[in-house]
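# What the coordinates show
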Amino acid sequence: MKPTLGVCYYPEHWPEDMWAEDAKRMVATGLTWVRIGEFAWSRLEAKEGVFTWQWLDKAVEILGNAGLKVIMGTPSATPPRWVVDKYPDMLSVDIEGKTRKFGSRRHYCFSHLGFRAEAARMAAAMAKRYGNNPAIHAWQIDNEYGCHDTTLSYSKSALNGFRNWLAQKYQSPSALNHAWGNIFWSMEYDDFDQIELPNLTVTEANPSHWLDYRRFMSDQVVAFNKAQVQAMRPYAAQPFIHNYMGRITDFDHFTVGNDLEIASWDSYPMGFLEHVLSEETEEWKAHFSNQGDPDFQAFHHDLYRAVGHGRWWVMEQQPGPVNWAPYNPIPLDGMIKLWTMEAIAHGAEVVSYFRWRQAPFAQEQMHAGLLRPDSANAQGQIEALAVADELASLGDIEHEDSDVAIIFDYESQWAWEIQPQGQGFDYFRLVFEQYRALRHLGLNVDILPATANDFGARKLVLIPGLMAWNDNLRHAVDHFDGLVITGPRTGLKTKNMQIPPTLGPDFASTTISRVASLRPNVTIPLANGGNIIKWQEILEPNSSIIETTTDNIPVLVADGKRHYLSSWLDQEGYKRIFSDLCDQQKIETMDMPEGVRQRAIKGKKLIINYNPHDSELNGVSISAAGYLWQEVRCRN
Ligand code: GAL
């Protein structure tokens, strides 16, 4: 596969006489793709049924004639004012019961059936207009589902939808009462219409009630996406894509991805470090403030490769300072190239920069583009030009399955958000920290969904924090010759969010008798180095004890190749244990210097330096914010 580059463009933001020059310059930069249209509804249909396609026809023609491949976005993330006037109750409602207003974007509630149909109608109109246009090579459906906290809504339409969803799932109120355990606190229902959304209760609502609500809302995102896809398919044969985000876990991306050909995501490494990596220390953030976290992008590249069944892109790549994080410094020179190359080494088919020219007006006027508002080259453009040059001589990129995989499961995120049992317990973070330790050991890692029923030829699979087992995953584990590490907190609930009769984890011949969450300043040392942090389980094992605390409390137990890890460990603990188990599986590891990471593809590997200073790996020096490709005979 030969990776290519692209850019996000808003012809409606610029006078028509600039378009041809812009297109020419994009091509001269070495860009192949241009994404347009995703916020342009008010210019395409200013009044219901009154379409003004001509300007977009012209833009597509100019971009296509210049030789660019157009990705056309459906504009449902920005319903114009008349749509809201038509459906005043389509606005989403927050957890406090406050209605969110028109005046920015993503103001719709996923469960509003009127708006869902309206969005599908508009998507179909676009597909009819452009489905046969040779310049259109892909479609983006909506824009960043869940951005600005918009998956969950507590509206009237959500309430009606939830009641129907529950009635279908449980068939009778008594079945629901049993599944939720509503005898507790006299919460029993005798009609589905008595059931409310789980917000605004006096104290916490039943966790089973919450979990079903979270499943329902995730299903609404799936249905909303599917409605557009189904409306467009008859008219458009191009691949359909959505642009997902970093650490957005409110809906099941794997299920949405099943209706699309390609997954993509929007990668803003420095914004993420400041905005979403809240657990990192100030010292860590200061060190990486102009580069981003060295594992966060990689994690999402690997996650979305799985969501896209192997086909994935970066739809929006940070091109310079953003406007939306608490602090918005300038990337170190070289980082835009590094981020691009890193994505490519993880298998991205396309990396597309956001955006072509910085807008001098409205909400994102402080957000960089490849060009400055006066059209001069910004640093982003300088680096995009350099990447395009390098790609021309890089040759084919061929991704191969990794020896090591880790399971990521959205439902487990919801379960442990609902019932963290300790402030520090966050599922994403648990998985991410295990992933970070594996990367620190120089490993390639694949991410798999919890519905995987086959681990292929892999040698080591990690299943941390899985709320409940399912038949597929059981099958995969049962038929796997390699080594499995589950835990902590794996298999400790039933699907209904209750404690299983066996107490869990139903794995590695051990039972969990007690659990404890730890204060941030409490650590429990392991006998051989490293510490327990945040979460500890007390095991009753009938299996071999591999690791203990200094007080001889079992931490890692094994029944053959099936391991259970009872606790959340610090990086030192994870790295030591994972590297021992990799040795057993003949997976080669190394101790990468902090901030230096590597990723192998067929025949070569990319070594990257996220540090603001030069670093060294095996005697080879890599400059600050720099990278190099090395030939390899075999992976890892
Ligand atoms: C993304 C979004 C873009 C733009 C960008 C700014 O989340 O998809 O439309 O807002 O952020 O960084």
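Note that this is a predicted model, so its numbers are computed, not measured.

## Here we look at the pairing of strand E7 (residues 240-244)
For a regular strand, side-chain orientation follows a simple rule: the groups alternate between the two sheet faces. Burial within E7 is extensive, with 5 of its 5 residues counted as buried. Across the two faces of E7 the burial is the same, with Phe 240, His 242 and Tyr 244 and Ile 241 and Asn 243 all buried. Across 2 bridges, the pairing between strand E6 (residues 136-140) and E7 is parallel. Paired with Trp 139 across the two strands is Phe 240, which belongs to E7. Bridging between E7 and strand E8 (residues 262-267) involves 4 bridges; their strand directions are parallel. The residue bridging Tyr 244 from the neighbouring strand is Trp 265, located in E8.

## Some remarks on the packing of aromatic side chains
Two numbers describe a pair of aromatic rings. These are the distance of the centres and the angle of the planes. For the coordinates displayed, the defined rule picks out 50 aromatic pairs. Ring centres of Phe 115 and Phe 224 lie 5.9 Å apart, and the angle between their planes is 25 degrees; on these two criteria the pair is classed as stacked. Taken as a pair, Phe 115 in helix H5 (residues 113-130) and Phe 224 in helix H8 (residues 207-232) lie far apart in primary sequence, 109 residues in all. Under the relative-accessibility criterion, Phe 115 is labelled buried at 0%. With 5.4 Å between their ring centres and 20 degrees between their planes, Trp 469 and Phe 507 make a pair best called stacked. Of this pair, Trp 469 sits in the loop between strand E13 (460-463) and helix H17 (471-478) while Phe 507 is found in the loop between strand E14 (483-486) and strand E15 (510-517), placing the two residues 38 residues apart along the sequence. Each member of the pair, Trp 469 as well as Phe 507, is classed as buried. Here the basic side chain of Arg 474 rests over the ring of Trp 469, its NZ or CZ set 4.2 Å away from the ring centre.

## Looking at the packing of helix H3 (residues 54-65) against H5
Interaxial distance between H3 and H5 falls to 12 Å at its minimum, and their mutual angle equals 50 degrees. On the basis of their axis angle, the class for H3 and H5 is oblique. The handedness of the crossing between H3 and H5 comes out as right-handed. Residues Leu 56, Asp 57 and Val 60 of H3 touch H5, and the partners they reach there are Met 126, Arg 129 and Tyr 130. Split by residue class, the contact of H3 with H5 holds 4 nonpolar, no polar and 2 charged.

## As for the pairing of strand E20 (residues 562-565)
Burial along E20 is two-sided: Arg 562 and Tyr 564 and His 563 and Leu 565, pointing in opposite directions, are all buried. Pairing analysis gives 3 bridges linking E14 to E20, with the strands arranged parallel. Paired with Val 484 across the bridge in E20 is Arg 562. Relative to E20, strand E19 (residues 554-559) runs antiparallel, the two sharing 4 bridges. Considered in E20, the bridge of Val 557 is made with Tyr 564.

## Points about the site of the ligand
As a matter of local geometry, the ligand sits amid Phe 39, Arg 105, Asn 143, Glu 144, Asp 266, Tyr 268, Glu 316, Trp 324, Phe 354, Glu 364 and His 367. Between the ligand and Tyr 268 there is a distance of 3.5 Å, counted from an oxygen atom to a side-chain nitrogen or oxygen. Taking 310 Å² as the accessible area of the ligand by itself, protein coverage stands at 96%. When grouped by side-chain class, the residues that make up the shell around the ligand number 4 nonpolar, 2 polar and 5 charged.

## A short note on helix H7 (residues 173-180)
Residues spaced three or four apart along an α-helix face the same direction, because each turn holds 3.6 residues. Every buried residue of H7 is accounted for by Pro 173, Leu 176, Asn 177, Ala 179 and Trp 180. When H7 is viewed along its axis, its buried side chains cluster within an angular range of 165 degrees and face the same direction. Set apart from the buried face of H7 by more than 90 degrees, the exposed residues are Ser 174 and His 178. Residues of H7 that are buried in the fold lie against helix H6 (156-170) and H8. Downstream of H7 by one or two residues, Gly 181 has phi in the positive range, about 75 degrees.

## Quick look at the domain arrangement of the protein
Each assigned domain of the protein is listed here: domain 1 (4-150 + 237-394), domain 2 (404-584) and domain 3 (596-631). Summarising the inter-unit geometry, the C-alpha centres of domain 1 and domain 2 are found 35 Å apart. Contacts between the two partners involve 26 residues from domain 1 and, on the opposite side, 18 residues from domain 2. It is Thr 249, Asp 295 and Phe 299 that lose the most area in domain 1 upon contact with domain 2, and together they represent 35% of the buried surface on that side. A salt bridge links Arg 429 to Glu 279; its shortest N-O distance comes to 3.6 Å. Contributing elements (two or more residues each) for the side of domain 1 that touches domain 2: helix H9 (253-257) and helix H12 (296-307). Broken down by element, the residue count for the side of domain 1 that touches domain 2 peaks at 9 residues, all from H12. Among the residues forming the side of domain 1 that touches domain 2, the class breakdown is 12 nonpolar, 4 polar and 10 charged.

## Observations regarding the environment of Met 1
Take Met 1: it is sitting in the segment before strand E1 (4-8). Judged by its relative accessible area of 35%, Met 1 falls in the partly exposed class. The sequence separation of Met 1 and Ala 624 amounts to 623 residues, and the corresponding C-alpha distance is 29 Å. Apart from the residues within four sequence positions on either side, Met 1 is in contact with Gly 347, Ala 348, Glu 349, Gly 395, Asp 396 and Ile 397.

## A few points about a nonpolar patch on the surface
Together, Ile 183, Phe 184 and Trp 185 make up an exposed nonpolar region whose accessible area comes to about 410 Å². Looking at where Trp 185 falls in the secondary structure, it is placed in the loop between H7 and H8. On the accessibility criterion, Trp 185 (57% relative accessible area) is exposed.

## Looking at H17
Looking at H17, one finds that the buried residues are Leu 473, Ala 476 and Val 477. One face of H17 carries all of its buried residues, which in axial projection span an arc of 95 degrees. Away from its buried face, by an angle of more than 90 degrees, H17 presents the exposed residues Asp 471 and Asp 478. Buried residues in H17 make contact with strand E11 (404-408), E13, E14 and E20. You can read the cap of H17 off the contacts: a side-chain oxygen lies 3.0 Å from the backbone nitrogen of Asn 472, and it is on Asn 470.

## Remarks on the state of the cysteines
Per the counting criterion, the structure on display carries 0 disulfides. The thiol of Cys 147 is unpaired, and the distance to the nearest cysteine sulfur, on Cys 8, comes to 14 Å. Owing to a relative accessible area of 7%, Cys 147 belongs among the buried residues under this scheme.

The rules behind these values
Residues numbered from 1 in each chain as written. Predicted model: local features only at pLDDT ≥ 70, side-chain atom pairs only at ≥ 80, totals over all residues. Heavy atoms only, no water. Buried < 20%, exposed > 50% of the residue type's maximum accessible area, 1.4 Å probe, protein only. Helix = DSSP H or I, 4+ residues; strand = E, 2+ residues; numbered from the N terminus. Pairing = 2+ DSSP bridges. Phe/Tyr/Trp six-rings, centres within 6.5 Å; stacked < 30°, edge-to-face > 60°. Lys NZ or Arg CZ within 6 Å of the ring centre and 35° of its normal. Axes fitted to C-alpha atoms, helices over the stretch in contact; angles between N-to-C directions. Parallel < 35°, antiparallel > 145°, perpendicular 65-115°, else oblique. Left-handed = near helix turned anticlockwise from the far one by under 90°. Contact = heavy atoms within 4.5 Å. Nonpolar A, V, L, I, M, F, W, Y, C, P; charged D, E, K, R; others polar. Near = heavy atom within 4 Å. Polar contact = N/O pair within 3.5 Å; in protein donor to acceptor, adjacent residues only side chain to side chain. Areas by Shrake-Rupley, 256 points an atom, 1.4 Å probe, with all protein chains shown as cover. Arc of directions from axis to C-beta. Domains from an automatic or database assignment. Buried area = accessible area lost by both parts, 1.4 Å probe. Salt bridge = Lys/Arg side-chain N within 4 Å of Asp/Glu carboxyl O. Patch = residues over 30% accessible without salt bridge, like charges linked within 9 Å, V, L, I, M, F, W, Y side chains within 5 Å. Disulfide = S-S within 2.5 Å.

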